[in-house]
Amino acid sequence: MRTFDIVIIGSGIAGGFLARQLRLACPDLGVLVLEAAEAMEDYKVGESTVEVAANYMVRRLNLGTYLYQHQLPKNGLRFFFDSPDKDLPLPRMSEIGSDHMPFHPSFQLERARLERDLVTMNRAAGAEVELGAKVVDVAIDGRGRHTVVYEQGGERREVACRWVCDASGRRHVLFRKLGVKVHKEARLNTAAAWGRYRGVAGLDGVTDAAWRSRARYTSRHLSTNHFMYDGYWIWFIPLAGDLMSVGVVFDKDRIGAGNVPAGALPGPRTRAEFERFLGAHRAARELLEGAELEDFQSYAHLPYHAEQYFSTDRYAVTGEAGAFTDPFYSPGSDFIATANEFITQMILSDVRGDRAGFEEKVAAYDAYYRFKYDSTLRLYERMYPVFGSFELYRLKYLLDFNNYYNLVVWPFMADRVTDVGWIREELKFTELVLRALSTMGEHFASLASDLRARGEYFAQNEGRFANGLNGVAQLETRLGPAIDERFRREQVDRAYGSVFAALVERRLGEQGLSDRARLVSELTLPQVLVFRDITPERLARLLQRIGERMTKELREELPDAGIERIELGASGVISVTGPAEGTKAHADALSRAKALWDASAGSLAHIAL
């Protein structure tokens, strides 16, 4: 029986990346990859990567040259918003996107080509990769060697190994053999249908001069393009060569069978339904004119999770073999990068004989990965009713994008993600983070309902543009190997304060409220979490607290004015009690109070405009 240090089940990008990382990290490791497919030719969804995965591919896997030569660079995420009748031409749709390439790279992957190339690269690096090798049995022995049985070419073969890593995707080979339950997620009820089209002219084929100049002629074609609707979204993702990935993800609770609003189509399940669904949207229909649908696939349900991902019995899962949330922000490859980083560090500690360090890492990494799943799911949980409104989603994206760069990308780039001490500190804030995500989700969903009731949900969906990179410009020169924890905390408070102040202004109709420095600075993350309901009474209490602080400051600044109280009322009304009206002391105090209250916060919600 042949013996290896690690057997990896599956040679998709999760398994292929892991094999490459292990061979680069420790060339003495014996790595066997068992792939059920005879050839790496299957079309797979999940082409779009974001910054964590890109950093992992370039920095950890040394694939930068390959990616720029054989795949497509990505021009960030881009979002388009339509009328209620879905009849706006593309140049009239409101848009969130960049007018230049983002300052950290990401890529659009033609998966089959990449996975074929990974087989070649991994073999050249010394890993054994067996195609047409279907794993039929796994026996885990926590005290000795594991056994993996596979069939290949009509023969049954058996190998021994110290580690088994499952990268088999939704087949869940290892969990099925071990009897580990994979839970269908009930908090997010989404499904998807997608296919590849050949002959799509693409967004850069639109010749409207004003529309092209709005983005400074940068390539919209290279973006992951989202067409946003109430309860669903449509993606257009370019692939190397003459192919375009096009798909629909929908909330079955909003547009599934039996839940279809008047005039809307149910979520597509078949090829015919998929083409009919796309054809009902003018922008998608015009982009696909003359194109040919090459293939079609669908998933009846998207999110799921397990209760454990890494074990001291020396097995682990990566990619979709363990969990999946939602494809909206393209997090799948980020999960792969994180899991593979964890698996590599666990294996290295184990083979070096560091039992205490190994067990410590398994516990910390598994807890963090479960937290990563839960926090990502809560990011999407209440978001689908928000998608169709430019006004709402612009604020949601500001918060999500800022938090992603600050709280996810930066620690990954600084190699903190595998630091057990850092993970333990981060996990202390698990409850706070999850509560923040749920609370903000509730506020966005409530405002979406309000705007629908007022007939204002689609009010800003035509003719507007927001540069999505403006909300993270302050992080461009900061991200790197050194983490500034104070700056990170300040950015969290600034992002939550900016967005929450804008929600309060819109919910209560208090114009001009959201860029006042006194208000935004008061709305730190803990204060936002206390603000469970956005009501006039809650706002009045907040304004009273700000007024009390301004009173104290002005008494110190103007000690002879006799100031007793500064009061902040609705619609920006300010009153000064103490000095008699008409006196210079009253005028000076009122003028100074107005200056303090009118000072700009530099709110992210306003910078993005």
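Because the structure is a prediction, the values reported are computed rather than measured.

Each value, and the rule that gives it
- Residues numbered from 1 in each chain as written.
- Predicted model: local features only at pLDDT ≥ 70, side-chain atom pairs only at ≥ 80, totals over all residues.
- Heavy atoms only, no water.
- Helix = DSSP H or I, 4+ residues; strand = E, 2+ residues; numbered from the N terminus.
- Rg over C-alpha atoms; globule rule 2.2 N^0.38 Å.
- Buried < 20%, exposed > 50% of the residue type's maximum accessible area, 1.4 Å probe, protein only.
- Contact = heavy atoms within 4.5 Å.
- Areas by Shrake-Rupley, 256 points an atom, 1.4 Å probe, with all protein chains shown as cover.
- Lys, Arg positive; Asp, Glu negative; His and termini not counted.
- Charge placed at Lys NZ, Arg CZ, Asp CG, Glu CD.
- Pairing = 2+ DSSP bridges.
- Axes fitted to C-alpha atoms, helices over the stretch in contact; angles between N-to-C directions.
- Salt bridge = Lys/Arg side-chain N within 4 Å of Asp/Glu carboxyl O.
- Phe/Tyr/Trp six-rings, centres within 6.5 Å; stacked < 30°, edge-to-face > 60°.

## Examining the overall build of the protein
A tally of regular secondary structure across the protein gives 20 helices and 22 strands. In terms of C-alpha radius of gyration, the protein reaches 27 Å, essentially the compact-globule figure of 25 Å for 609 residues. Viewed in the frame of its principal axes, the protein has a C-alpha envelope of about 100 × 60 × 45 Å. Split into buried and exposed, the 609 residues of the protein put 57% on the buried side. Counting only contacts in the protein whose residues sit at least 6 apart along the sequence, the fraction spanning at least 24 positions is 75%. Here the protein has roughly 24,100 Å² of accessible surface; of this, 47% comes from carbon and sulfur atoms. One way to put it: in the protein the 77 positive side-chain charges average out to a point 1 Å from where the 83 negative ones average out.

## Structural notes on the sheet that holds strand E20 (residues 465-467)
The sheet built from eight strands is open, its strands ordered E16-E12-E15-E14-E13-E4-E5-E20 with mixed pairing. If you trace the sheet from one side to the other, it starts and ends with strand E16 (292-299) and E20, each paired once. Strand-to-strand twist of the sheet, defined as the mean angle between neighbouring strand axes without regard to direction, takes the value 15 degrees. Pairing geometry for strand E14 (residues 232-239) and strand E15 (residues 243-251), over eight bridges, is antiparallel. In the sheet register, Phe236 faces E15, and the bridge partner there is Val246. Across the sheet, helix H8 (residues 271-279) touches strand E12 (190-198), E14, E15 and E16, and the angle it forms with E16 is around 110 degrees. Strands strand E4 (77-81), strand E5 (94-97), strand E13 (224-229) and E20 of the sheet are contacted by helix H12 (residues 390-413), whose axis makes an angle of about 10 degrees with E5.

## Points about the pattern of salt bridges
This model, assessed by the stated rule, comprises 47 salt bridges. Between Arg254 and Asp230 there is a salt bridge, with the nearest N and O atoms lying 3.0 Å from each other. With a gap of 24 residues between them, Arg254 in helix H7 (residues 252-255) and Asp230 in the loop between E13 and E14 connect regions that are remote in the sequence. Overall, the relative accessible area of 27% leaves Arg254 in the partly exposed class. Arg382 serves as the salt-bridge partner of Glu381, at 3.9 Å between the closest nitrogen and oxygen. Through salt bridges that share partners, Arg59, Arg60, Glu341 and Asp415 make up one connected network.

## So, the packing of aromatic side chains
Under the definition given, this model contains 40 aromatic pairs. Taken together, a centroid distance of 5.8 Å and an interplanar angle of 45 degrees make the contact between Trp233 and Trp235 tilted. Each member of the pair Trp233 and Trp235 is classed as buried. Here Phe328 and Phe387 contribute two aromatic rings whose centre-to-centre distance is 4.4 Å and whose plane-to-plane angle is 25 degrees, an arrangement assigned as stacked.

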